[in-house]
Amino acid sequence: MKTPPGVDPEVFESALSQWRETIGEQWVFTGDADLDLYRDAYTPFRNEETEIVVAAALAPETAEQVQQIMRVANRHKIPIYPISTGRNLAYGGSAPVLSGSVVLDLKRLNRILEVNERNAYVLLEPGVSYFDLYRHLRDNGYKLWIDCPDPGWGSLIGNSLEHGAGYTVAPHRDHFDSHCGMEIVLPDGSLIYTGGYPPSVSRTWNVHKWGVGPYLEGLFTQSNFGIVTRMGIWLMPEPEAYRSFTFELRDEQYFPAVIDALRRLALDGVIDCAVHMLNDVCMLTILSQYPREGSSGETCLSEGMLAALRRRYMIPPWSFAAALYGTSAQIRVNRRLIRRALGPYGRMMFFSDQSIAGLQWGLRLLKNVKSLPPLRSIADSILRGAVGASVEVLETARPMHAYFKGNPGEYFGRYAYFKSDTARPDRDLDPARDGCGVMWLAPVAPCTGKDVTQVLDIGRPLFQKFGFDFWAALLLDSPRSMIILFSIFYRKTDAGEAARSRALYEALAAATLRAGYPQYRTSIAYMDRLWQDVPDYQNLLEKIKTALDPAHVIAPGRYGIGSSGSTTREPWTATIPSE
Ligand code: ADP
């Protein structure tokens with residue numbers, strides 16, 4: 001049996017039997033096959049020797065059981081690592097930061113406790129996924145839209161606590177901003193409600209964000225000060241009208257001007273959604289896997305290969321999708337303003353529900369025609385000549401249209417398969433199962449053409465230096481800030497490629513931070529590095545941790561807090577291969 005660091009095996013056995021009594025024998029997991037699920041399947045920072053070990057996993061069903069679990073953990077100083085749905089794709093999966101922790105898997109707390117259509121919010125538990133909530137609202141006919149990330153298999157609470165982002169309008173697209181009211185189990189097992197007054201005496205817990213007194217909610221995000229067992233989340237009432245649109249940049253030279261134009265449009269409230277802007281490699285990873293044949297052992301595309309693939313799929317240097325919401329009149333006005341601001345730089349296509357359905361129908365027809373060899377070239381020239389687009393790129397419009405309406409899917413999770421040896425399935429994607437090597441690193445920049453260009457100029461040569469395709473997606477985080485999401489895909493079966501991906505990650509994290517662009521969330525591989533240049537801030541976090549959690553039982557090391565416990569993590573020694 002594995003035991004948590006510093007915990008006597010007999011003491012651990014006694015804790016396990018107390019937990020069995022509390023939640024039932026079948027919900028306390030200690031077998032290898034069960035525990036193997038709790039790992040970071042995507043990371044190059046682990047291998048068989050350095051894998052994080054989980055001592056046990058517990059799956060309670062109620063907040064009261066979570067309280068009791070924490071009381072036992074506190075008594076015996078056993079580190080507990082809470083997860084909601086445990087996906088955390090490319091940031092750490094379901095692995096704890098401290099090896100030897102006990103995972104607290106909250107998937108059975110999966111109740112949607114209230115849907116309030118009049119005031120447009122829901123109250124739910126951590127095990128509820130975006131798919132679950134979407135189906136519940138749809139099946140019960142609620143006129144409320146959710147805001148989902150992609151893929152939609154994760155937990156609303158887990159994503160909110162990580163400051164995840166979606167697609168629709170403010171505040172919904174910022175998943176922490178759209179929350180209102182948390183129920184939290186503290187490390188000692190007590191239960192509190194944010195906002196000051198519990199819902200038993202306050203009718204405003206899920207509608208008035210600030211409560212009264214200090215606003216404490218932020219303390220429980222990207223931290224390890226408590227376990228959230230309920231959360232209120234604001235939803236968007238179904239708007240009267242909706243249009244999505246795509247933009248394709250004509251020429252790279254206009255890139256900074258487009259970013260500046262987007263900022264202006266967002267500051268003026270013309271565009272209120274989370275614009276998702278993709279570079280050519282990002283679009284390519286959605287459309288196809290890495291073409292191993294013809295790459296003569298190279299681990300990234302040569303300039304010539306990339307150019308050929310760009311031509312084949314007609315991929316622009318940058319493209320984005322966005323959406324407009326409101327009344328038909330509002331959308332008409334905003335569409336005109338957007339065309340005026342962005343028209344000089346590229347091509348736009350607007351889609352309604354009807355035109356998306358029409359596009360789908362047309363694309364299906366063309367694909368059928370293309371399957372008949374004599375007609376293939378006619379079909380191709382219709383598209384390329386008349387529409388100026390490939391079937392593959394046009395096909396991305398439909399899932400985009402759906403995401404901006406809050407219909408969760410898994411379409412864009414496809415890119416995780418770029419370097420996988422497994423062929424990408426059409427549905428039921430499971431990058432953890434299918435050996436997908438992927439890491440995300442996401443610095444934030446002020447939303448200006450100059451800043452965003454600078455971050456990209458830092459990233460591009462590093463990707464080249466370490467032999468990886470330069471993948472970047474820009475997420476308009478607010479009118480004032482842009483998240484620059486870098487994705488590093490590596491072949492998991494290639495130890496050399498894994499080592500280079502670690503080196504790239506390290507170099508990228510250091511260079512972007514040095515230039516003044518910290519990350520908006522981080523991977524468990526980077527947490528021990530977060531505060532190395534800001535010891536005063538770390539001291540403050542440690543004081544709060546010690547006050548709330550003197551035995552450091554909740555997620556030691558998460559976001560670099562309370563990491564003084566022993567760990568078997570591989571030190572940050574990614575070596576930079578010689579050139
Ligand atoms: P998702 O499956 O939505 O990506 P996870 O369940 O993996 O989200 O959660 C992301 C991270 O947030 C986890 O690694 C965990 O540390 C933290 N977390 C998740 N749920 C909770 C919770 N209910 N209370 C406290 N921390 C949580």
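Quick note: structure is the one above.
Residues numbered from 1 in each chain as written. Predicted model: local features only at pLDDT ≥ 70, side-chain atom pairs only at ≥ 80, totals over all residues. Heavy atoms only, no water.

A.B. asks: Tell me about the site of the ligand, and please be specific about residues and values.
C.D. replies: Around the ligand, 19 residues are found, and the nearest of them are Ser84, Thr85, Gly86, Arg87 and Asn88. Take Gly86: an N or O atom from its main chain is 2.8 Å from an oxygen atom of the ligand. In this structure, an oxygen atom belonging to the ligand sits 2.7 Å away from a main-chain N or O atom of Arg87. About the coverage of the ligand: the protein hides 96% of its 540 Å² of free accessible area. The cavity where the ligand resides is the largest cavity. Sorting the residues of the shell around the ligand by element identifies strand E3 (80–83), helix H5 (156–161) and strand E10 (227–234) as the ones contributing at least two each. Class assignment for the residues of the shell around the ligand results in seven nonpolar, nine polar and three charged. (Near = heavy atom within 4 Å. Polar contact = N/O pair within 3.5 Å; in protein donor to acceptor, adjacent residues only side chain to side chain. Areas by Shrake-Rupley, 256 points an atom, 1.4 Å probe, with all protein chains shown as cover. 1 Å grid on protein atoms, 1.4 Å probe; cavity = no way out; pocket = protein on both sides within 12 Å on 5 of 7 lines; lining within 4 Å. Sits in = over half its atoms within 2 Å of the grid points. Helix = DSSP H or I, 4+ residues; strand = E, 2+ residues; numbered from the N terminus. Nonpolar A, V, L, I, M, F, W, Y, C, P; charged D, E, K, R; others polar.)

A.B. asks: Give me a nonpolar patch on the surface: which residues, what numbers.
C.D. replies: A cluster of nonpolar side chains, contributed by Leu372, Leu375, Ile378 and Ile382, occupies part of the molecular surface with about 340 Å² of accessible area. Relative to the helices and strands, Leu375 resides in helix H11 (residues 373–387). Here Leu375 falls in the partly exposed class, since its relative accessible area comes to 34%. (Patch = residues over 30% accessible without salt bridge, like charges linked within 9 Å, V, L, I, M, F, W, Y side chains within 5 Å. Salt bridge = Lys/Arg side-chain N within 4 Å of Asp/Glu carboxyl O. Buried < 20%, exposed > 50% of the residue type's maximum accessible area, 1.4 Å probe, protein only.)

A.B. asks: So what's going on with the pattern of salt bridges? Residues and values would help.
C.D. replies: Evaluated as defined, the whole model comprises 22 salt bridges. Residues Glu125 and Arg111 are paired through a salt bridge, measuring 2.8 Å at the closest nitrogen-oxygen approach. One end of the pair, Glu125, is in the loop between strand E6 (121–124) and helix H4 (130–139); the other, Arg111, is in the loop between strand E4 (101–105) and strand E5 (112–116), and 14 residues separate them in sequence. Residue Glu125 is classed as buried on the basis of its relative accessible area of 3%. On the basis of relative accessibility, which here comes to 29%, the residue Arg111 falls in the partly exposed class. Where Lys405 meets Asp353, a salt bridge forms, and the shortest distance between an N and an O atom there is 3.1 Å. Here the residue Lys405 occupies a position in the loop between helix H13 (397–403) and strand E16 (436–441), and Asp353 occupies one in helix H10 (residues 353–370), the gap between them amounting to 52 residues. Of the residues examined, Lys405 reaches a relative accessible area of 17% and is grouped as buried.

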